[in-house]
Amino acid sequence: MTAILPSTAGRELSNPPLDGISNLRFSNHSDHLLVSSWDKSVRLYDAGSDALLGEFMHGGAVLDCCFHDDTSGFSASADHTVRRYVFSSGKEDILGRHEAPVRCVEYSYAAGQVISGSWDKTLKCWDPRGASGQDRTLVGTYPQPERVYSLSLVGNRLVVATAGRHVIVYDLRNMSQPEQRRESSLKYQTRCVCGYPNGTGYALSSVEGRVAMEFFDLSEANQAKKYAFKCHRKSEAGRDIVYPVNAIAFHPIYGTFATGGCDGYVNVWDGNNKKRLYQYSKYPTSISALSFSRDGRLLAVASSYTYEEGDISHEPDAIFVRNVNEVEVKPKPKVYPTPS
């Protein structure tokens, strides 16, 4: 049996967003937590002290966010803009624009660039050091086969997941053409892509309650290691109920990873040994986003209904921060069974 941890959901942060939480991310330097929301806000919290440190408003829903440094960051919005925020000074500016809602944003410390992915079927790279204005900050525009749904950046390697189950891999040092073009091994729409911390591959989740573990090395030996597994499902009255897997987050030390689904559960996995380590008790509603802190000590969980069943009554959106016992996230292949 998979271990089910105590019923506490973790510590709930005060002053949560007023609408759906699209993403949350811990800083690489502290316990600061950046949160984007459909209520048009980007909020900065100190997750350790439960303090709201700042808030900026967009003209439309904010679909993604990422840190620049500990008190500044970038956001992607349905108002077609990519924005930069400096919470310490209260300043903001528009870094650039797309022709449709901007779904994803990443900041590359290696390249010093912001990467945005949009439903206009393009990827754009921006230099935040340039003067304000698109002509001065836009580094390049890269057409994609379909709408961009998810991005993941590990080192210089960027993985782009789009509609139509396309997966495109770039090396940021040479964006003239993709390093690889792939098709998702999962049969249905992609929800999330997340690169392995060691840079050897990526995990991909879909609406069908599955996760695929993929590797960049195209050698036969490495491709033989890839696999997919079922998760975030339950049997009821003799039939399987399948939930979308919205979020994937890797532990920065042990390489284990957490998945969050529309079933309201967070599962933690040992991908190398194909084991589910444990499952947290159920959260109030769907899990829309997950993030481990830089030292792996904390896990932030966005409990936020994702409208998979339409406009129905649901629990309020909430952010939970739980302490992660390092013993629990270490791989324990002899204790837990292989996931079905």
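The shown structure was predicted, so the numbers you read here are calculated from the model rather than taken from an experiment. (Residues numbered from 1 in each chain as written. Predicted model: local features only at pLDDT ≥ 70, side-chain atom pairs only at ≥ 80, totals over all residues. Heavy atoms only, no water.)

A. Region of the structure containing the sheet that holds strand β19 (residues 190-195). Taken in spatial order, the four strands of this open sheet run β19-β20-β21-β22, and their pairing is antiparallel. Edge positions in the open sheet fall to β19 and β22 (227-230), since each of these has one partner strand only. Sheet twist, expressed as the average angle between the axes of neighbouring strands with direction ignored, equals 20 degrees. In terms of strand pairing, strand β21 (residues 210-215) meets β22 through four bridges, oriented antiparallel. When the bridges of β22 are listed, Arg 210 appears paired with Lys 230. (Pairing = 2+ DSSP bridges. Helix = DSSP H or I, 4+ residues; strand = E, 2+ residues; numbered from the N terminus. Axes fitted to C-alpha atoms, helices over the stretch in contact; angles between N-to-C directions.)

B. Spatial organisation of the pairing of strand β9 (residues 81-86). When you tally the buried positions in β9, you get five out of six residues, the bulk of the element. Examined bridge by bridge, strand β8 (residues 72-77) and β9 share five bridges and lie antiparallel to one another. Paired with Gly 73 across the bridge in β9 is Tyr 85. Linking β8 back to β9 in an antiparallel pair, the connection comprises three residues, with His 80 at a positive phi of about 80 degrees. Both β9 and strand β10 (residues 91-97) contribute to a ladder of six bridges, which runs antiparallel. By the bridge assignment, Val 86 is partnered in β10 with Lys 91. Hairpin geometry of β9 and β10 is characterised by an intervening segment of four residues between the two adjacent antiparallel strands and by a positive phi of about 75 degrees at Gly 90. (Buried < 20%, exposed > 50% of the residue type's maximum accessible area, 1.4 Å probe, protein only.)

C. Structural context of the nonpolar core. Counting residues in hydrophobic clusters, the biggest one holds 18 residues, and the most contacted among them are Val 266, Tyr 280, Tyr 283, Leu 290, Leu 299 and Val 301. Contributions of two or more residues to this core are made by β25 (245-250), β27 (266-270), β28 (275-279), β29 (287-292), β30 (298-303) and β31 (318-323). Of all the elements, β29 adds the most residues to this core, at three residues. Those residues in contact with Tyr 283 that sit more than four places away from it in its chain are Ala 9, Gly 264, Val 266, Val 301, Ser 303, Phe 320 and Arg 322. Counting 15 residues, the second largest nonpolar core, distinct from the first, contains Cys 192, Tyr 227, Phe 229 and Val 245. (Core = buried A, V, L, I, M, F, W, Y, C linked by side-chain atoms within 4.5 Å. Contact = heavy atoms within 4.5 Å.)

D. View of the UniProt feature "repeat: WD" (unreviewed entry) in the protein chain. Residues annotated in UniProt with the feature "repeat: WD" (unreviewed entry) correspond here to residues 95-127 and 245-279. Secondary structure content for residues 95-127 is 0% helix and 64% strand, while the C-alpha to C-alpha distance between its ends is 8 Å. Here residues 245-279 runs as 0% helix and 60% strand, with 14 Å between its end C-alpha atoms. (UniProt positions renumbered as here; feature names shortened; annotations may be inferred.)

E. Quick peek at the environment of Leu 95. Following the sequence through the fold, Leu 95 ends up in strand β10. Sequence separation between Leu 95 and Ser 288 is 193 residues, and the spatial gap between their C-alpha atoms is 26 Å.

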